[in-house]
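Structure at a glance
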Amino acid sequence: TIKAYCGVGGHSTANNVTLTLTASSANYSGNAESLRAIIIDTDNKWITNVNTTLPTITYKYSVTENGNYESCDAPTSASNAGWYEASITVDSKTVSVKYEISKKDITEVTFTEPTAPVANATPDVSVTGLGSNYTGAISWNPEATKFEYSTEYTATVTLSAGANYKFKSDVT
């Protein structure tokens, strides 16, 4: 919270102006508005007595809470999940708030099962029919570029969550 008193911005009518910078942690949603910090002008004194616009919020981003924060644009629907620090400065006083945009849970997975081995056929290595927030790969044991006669093969499908997503713990 930044409190400003008489004389802020050259206006003597700006008594007891309080600006609050706030942000709430949220899950990644792709909705830019839910990813940004906001300034609250509780009594609307800043807008009416000091300036017609609120101070500009500056942002920094880090993958982890205690990581190295680097300047970034305001979070948008294309922003990454991670930690953000939003700051405003008024009369050489700066206030900041850190908040997290968590990765969104993937609660269900779907994919098309690999084609069963047939002698002299090429094994599937790509997973098809995937959801949009994860990728997949297929490995075979034993490895083969073409399936052999009288050989038993086991396919293993490995799924990887996209950058802003994670698999919920009960998803298998």
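First things first, this report covers the structure right here in the doc. (Residues numbered from 1 in each chain as written. Predicted model: local features only at pLDDT ≥ 70, side-chain atom pairs only at ≥ 80, totals over all residues. Heavy atoms only, no water.)

1. Some thoughts on the packing of aromatic side chains
Applying the stated criterion across every chain, the model contains five aromatic pairs. Ring geometry for W140 against F147: centres 5.1 Å apart, planes inclined by 80°, an arrangement best described as edge-to-face. Of the two residues examined, W140 and F147, each falls in the buried class. Taken together, the ring pairs connect Y61, Y84 and Y99 into an aromatic cluster. (Phe/Tyr/Trp six-rings, centres within 6.5 Å; stacked < 30°, edge-to-face > 60°. Buried < 20%, exposed > 50% of the residue type's maximum accessible area, 1.4 Å probe, protein only.)

2. Quick notes on the nonpolar core
Membership of the largest hydrophobic core comes to 22 residues, with the highest contact counts inside it found for L21, A37, I57, A86 and Y99. Broken down by secondary-structure element, the contributors of at least two residues to this core are β2 (17-22), β7 (82-90) and β8 (93-102). Among all residues touching A86, those that are not within four sequence positions of it are L21, A37, I57, T58, Y59, V95, S96, V97 and Y99. (Core = buried A, V, L, I, M, F, W, Y, C linked by side-chain atoms within 4.5 Å. Helix = DSSP H or I, 4+ residues; strand = E, 2+ residues; numbered from the N terminus. Contact = heavy atoms within 4.5 Å.)

3. Here's the deal with the environment of K104
Along the chain, the position of K104 falls in strand β9 (residues 104-106). Under the relative-accessibility criterion, K104 is labelled partly exposed at 39%. With 57 residues separating them along the chain, K104 and A161 place their C-alpha atoms 9.9 Å apart. Once residues lying within four places of it in the same chain are set aside, the contact partners of K104 are Y28, N164, Y165 and K166.

4. Some points on the environment of D124
Looking at where D124 falls in the secondary structure, it is placed in the loop between β9 and β10 (134-141). Between the alpha carbons of D124 and S139 there is a distance of 8.4 Å; along the sequence they are 15 residues apart. Those residues in contact with D124, other than ones at most four positions away along the chain, are P114, T115, I138 and W140. At 2.7 Å, the side chain of D124 and the backbone nitrogen of T115 are in polar contact. (Polar contact = N/O pair within 3.5 Å; in protein donor to acceptor, adjacent residues only side chain to side chain.)

5. Description of the pattern of salt bridges
Under the counting rule described, the total for this entry stands at one salt bridge. D105 is the salt-bridge partner of K166, the closest N and O atoms lying 2.5 Å from each other. One end of the pair, K166, is in strand β12 (residues 165-167); the other, D105, is in strand β9, and 61 residues separate them in sequence. The exposure class assigned to K166 is partly exposed, which follows from its relative accessible area of 39%. Taking relative accessible area as the criterion, D105 reaches 33% and is therefore assigned partly exposed. (Salt bridge = Lys/Arg side-chain N within 4 Å of Asp/Glu carboxyl O.)

6. Observations concerning unusual backbone geometry
Cis peptide bonds are those with omega within 30 degrees of zero, and the linkage from N141 to P142 qualifies with -5°. Looking at the element boundaries, P142 is found in the loop between β10 and β11 (154-161). Within the chain, N120 stands out as a residue other than glycine whose phi angle is a positive 70°. Relative to the elements of secondary structure, N120 occurs in the loop between β9 and β10. Its identity as a non-glycine residue notwithstanding, S150 has a phi of 55°, on the positive side. Structurally, S150 is set in the loop between β10 and β11.

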